[in-house]
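Observations on chain architecture
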Amino acid sequence: MAIEDVLFPGIDVQVAAVHAAADGVAVEATACGRPPDCPSCGCPGRRVHSRYRRRLAERPVAGRPLVISLLVRRFFCERAECRRRTFVEQVPDLSERHRRHSVGLRQWMRSIATFLGGRPGQRLCQTLQFPTGRTHLLGLLTAPPVPARAPRVLGVDEFAFRKRWRYGTVLVDVEAARVVDVLPDRDAATFAAWLQEHPGAEIICRDRATAYSTAIRTAAPDAQEVADRWHLLHNLSPAVEKTCHQHRVCLRKQADAERQSAPRRIINPLPPPTLPPTKMAARTVDRYSDIHRLLREGYSCRRTSERGGL
């Protein structure tokens, strides 16, 4: 098996040399695929303009960083109408335009940023031997596609970009349990504009903010407004407490009357709870029994200690 099949399976490159050191691995490779087409006009490249080397960071090998020195070709665009005079070939599944990381390494970093975020992802990348910054990781994240129509059951809630300073609005498809869109603020005008651009919401689950209620009445008057579960329970608790506090005299009289009218029941006392004996407790009880048995048989304290190994 050739080394290309190990390092670059299915990729059109030819490895010229491999330099392994304690601090990393360097691979010199040459692109050997078919000539590409011009990215602007699609004219196939025929004449080579020049060659130059690119440095690409690749996924680590055996716990050591891997750097690729890739020799690529620059082609002439022979179509006179095209404004692009030359263009550089890109190796599929390995290189991208204006990128210093390979396609596979970018997929790794994007997955890490998706699951961990900025600072935790940065620490994990350093441990995996391809250090990068948290800003670069967060820049790899792409916004999810926003559907043309709003989901049937739309959840609306606010969140803090920076607590007590800047807030936004998150829109959730309640039935699919996924985020639909994120709005830059929590103003009624912003939410109303989104509802007008994305019609179709039949039920909108929201908190008690008046801005969201105003936006719904303006942009989606036919939608049914529903308070979310957390705010229902949060508002129910103080309401019940306030009601019980206002009627505490009546409730106390009713409780006393029920207590006096109910017949007294005598409950047999339960036996005290006992824990299963441990090995140390069982060994202590056995030793105590052996000592007193020997004393009853006439052994002295010294002979008893000798026989018991004490």
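Since the structure is predicted, the reported quantities are computational estimates derived from the model, not experimental observations. (Residues numbered from 1 in each chain as written. Predicted model: local features only at pLDDT ≥ 70, side-chain atom pairs only at ≥ 80, totals over all residues. Heavy atoms only, no water.)

Brief notes about the overall build of the protein chain
Going by this rule: Each helix corresponds to a stretch of at least 4 residues labelled H or I by DSSP, and each strand to a stretch of at least 2 residues labelled E; elements are numbered beginning at the N terminus. Just to be clear, the radius of gyration here is over C-alpha atoms, and the globule rule we use is 2.2 Å times residues to the power 0.38. Partly exposed residues are those whose accessible area sits between 20% and 50% of the maximum for their type, while under 20% is buried and over 50% is exposed, using a 1.4 Å probe and protein chains only. Between two residues, a contact is recorded if the distance between any of their heavy atoms is within 4.5 Å. Only the protein chains shown count as cover for residues, with accessible areas throughout obtained via the Shrake-Rupley method and a probe of 1.4 Å. In this tally, Asp and Glu contribute negative charge and Lys and Arg positive charge; neither His nor the terminal groups of the chain are included. In plain terms, the charge of a residue is placed at NZ if it is Lys, CZ if Arg, CG if Asp and CD if Glu.
Each helix and strand in the protein chain was counted, giving 10 helices and 10 strands. Its C-alpha atoms give the protein chain a radius of gyration of 38 Å, clearly above 19 Å, the size a compact globule of 310 residues would have. Taking the principal axes of its C-alpha atoms as reference, the protein chain extends roughly 115 × 80 × 35 Å. Scored against the burial criterion, the 310 residues of the protein chain give a buried share of 27%. Intrachain contacts of the protein chain at a sequence separation of at least 6 include 44% that bridge at least 24 residues. If you sum the accessible surface of the protein chain, you get close to 22,000 Å²; carbon and sulfur atoms cover 54% of it. Distance between charge centroids for the protein chain: 6 Å, based on 50 positive and 32 negative side chains.

As for the packing of aromatic side chains
The line we're drawing: Pairing of aromatic side chains here covers Phe, Tyr and the six-membered ring of Trp, requires ring centres within 6.5 Å, and sorts the geometry by plane angle: under 30 degrees stacked, over 60 edge-to-face, intermediate tilted. Cation placement over rings: the criterion is NZ of Lys or CZ of Arg within 6 Å of the ring centroid and within 35° of the ring normal.
On inspection of all chains with the given rule, the structure shows 4 aromatic pairs. When the ring of Phe75 is compared with that of Phe87, the centres are 6.0 Å apart and the planes differ by 20°; the resulting orientation is stacked. Linking Phe75 in strand β4 (residues 64–76) with Phe87 in strand β5 (residues 86–88), this pair joins segments that are 12 residues apart in sequence. With respect to burial, Phe75 and Phe87 carry one shared label: buried. Between Phe191 and Tyr212 the ring centres are 5.7 Å apart and the planes differ by 80°, which places this aromatic pair in the edge-to-face class. Linking Phe191 in helix α5 (residues 188–197) with Tyr212 in helix α6 (residues 210–219), this pair joins segments that are 21 residues apart in sequence. The pair Phe191 / Tyr212 is uniform in exposure class, with both members buried. The residue whose ring lies beneath Arg162 is Trp165, and the NZ or CZ to ring-centre distance is 5.0 Å.

Re the layout of surface pockets
Test applied: Cavities and pockets are defined on a 1 Å grid built over the protein atoms alone: a cavity is a set of grid points where a 1.4 Å probe fits but cannot escape, while a pocket is an open set with protein on both sides within 12 Å along at least five of seven lines, and lining residues are those with an atom within 4 Å of any such point. Grid points are joined across faces, edges and corners, and a volume is the space filled by probe spheres set on the points. Gly counts as polar in this scheme, as do all residues outside two lists: the nonpolar Ala, Val, Leu, Ile, Met, Phe, Trp, Tyr, Cys and Pro, and the charged Asp, Glu, Lys and Arg.
Within this model, the largest pocket holds a volume of roughly 280 Å³. Taken together, 14 residues line the largest pocket, and the ones lying closest to its centre are Tyr52, Val88, Gln90, Arg97 and His98. When contributions to the lining of the largest pocket are tallied by element, the ones reaching two or more residues are β3 (48–61) and β5. Here the residues of the lining of the largest pocket sort into 5 nonpolar, 3 polar and 6 charged.

Thoughts on the pattern of salt bridges
Condition: What counts as a salt bridge is simple: a side-chain nitrogen of Lys or Arg found within 4 Å of a carboxyl oxygen of Asp or Glu.
Counting across every chain of the model gives 13 salt bridges. Between Arg47 and Glu78 there is a salt bridge, with its nearest N and O atoms 3.3 Å apart. Of this pair, Arg47 sits in the loop between β2 (24–31) and β3 while Glu78 sits in the loop between β4 and β5, placing them 31 residues apart in sequence. Assessed through its relative accessible area of 47%, Arg47 is described here as partly exposed. Judged by relative accessible area, Glu78 falls into the partly exposed class, the value being 38%. We note a salt bridge from Arg293 to Glu297, for which the minimum N-O separation is 3.5 Å. Through salt bridges with shared partners, a single ionic network connects Arg46, Arg47 and Glu78.

Thoughts on the sheet that holds strand β9 (residues 203–206)
Rules: Only strands joined by at least two bridges in the DSSP assignment are considered to pair. Note on geometry: axes are lines fitted to C-alpha atoms, helical ones only across the stretch in contact, with angles between N-to-C directions running from 0 to 180 degrees.
One open sheet accounts for 5 strands, arranged β8-β7-β6-β9-β10; its pairing is mixed. A single partner strand is all that each edge strand has here, and the edge strands are β8 (178–183) and β10 (224–227). When the angles between neighbouring strand axes are averaged without regard to direction, this sheet yields 30°. As defined by bridge partners, strand β6 (residues 153–162) adjoins β9 across 3 bridges and the pair is classed as parallel. Across the sheet, the residue bridging to Gly155 is Cys205, located in β9. Running over the sheet, α5 touches β6, β7 (166–173), β8 and β9 and is turned about 125° from β8. Strands in contact with α6 are β6, β7, β9 and β10; relative to β9, the strand with the most contacts, it is inclined by about 170°.

Considerations on the nonpolar core
Inclusion rule: In these notes, a set of buried Ala, Val, Leu, Ile, Met, Phe, Trp, Tyr and Cys residues joined through side-chain atoms within 4.5 Å is what counts as a nonpolar core.
Formed by 18 residues in total, the largest nonpolar core has its most connected members in Leu154, Val156, Leu171, Phe191, Trp194, Leu195 and Ile204. Only β6, β8, α5 and α6 provide two or more residues apiece to this core. In contact with Leu154, not counting residues within four places along its chain, are Leu171, Val172, Val174, Phe191, Trp194, Leu195, Ala201, Ile203, Ile204 and Cys205. Core analysis: the next-biggest nonpolar cluster, separate from the first, contains 16 residues, Phe8, Ile11, Val15 and Val72 among them.

Focus on the side chain of Thr132
Our working rule: Under this definition, polar contacts are N or O atom pairs within 3.5 Å; protein pairs additionally need one hydrogen-donor-capable and one acceptor-capable atom, and for neighbouring residues in sequence, both atoms have to be side-chain atoms.
Residue placement: Thr132 occurs in the loop between α3 (119–127) and α4 (134–139). Look at Thr132 and you get buried, because its relative accessible area is 14%. Here His136 takes part through its side chain, which lies 3.2 Å from a polar atom of the side chain of Thr132. Those residues in contact with Thr132 that sit more than four places away from it in its chain are Met109, Gln122, Cys125 and Leu137.

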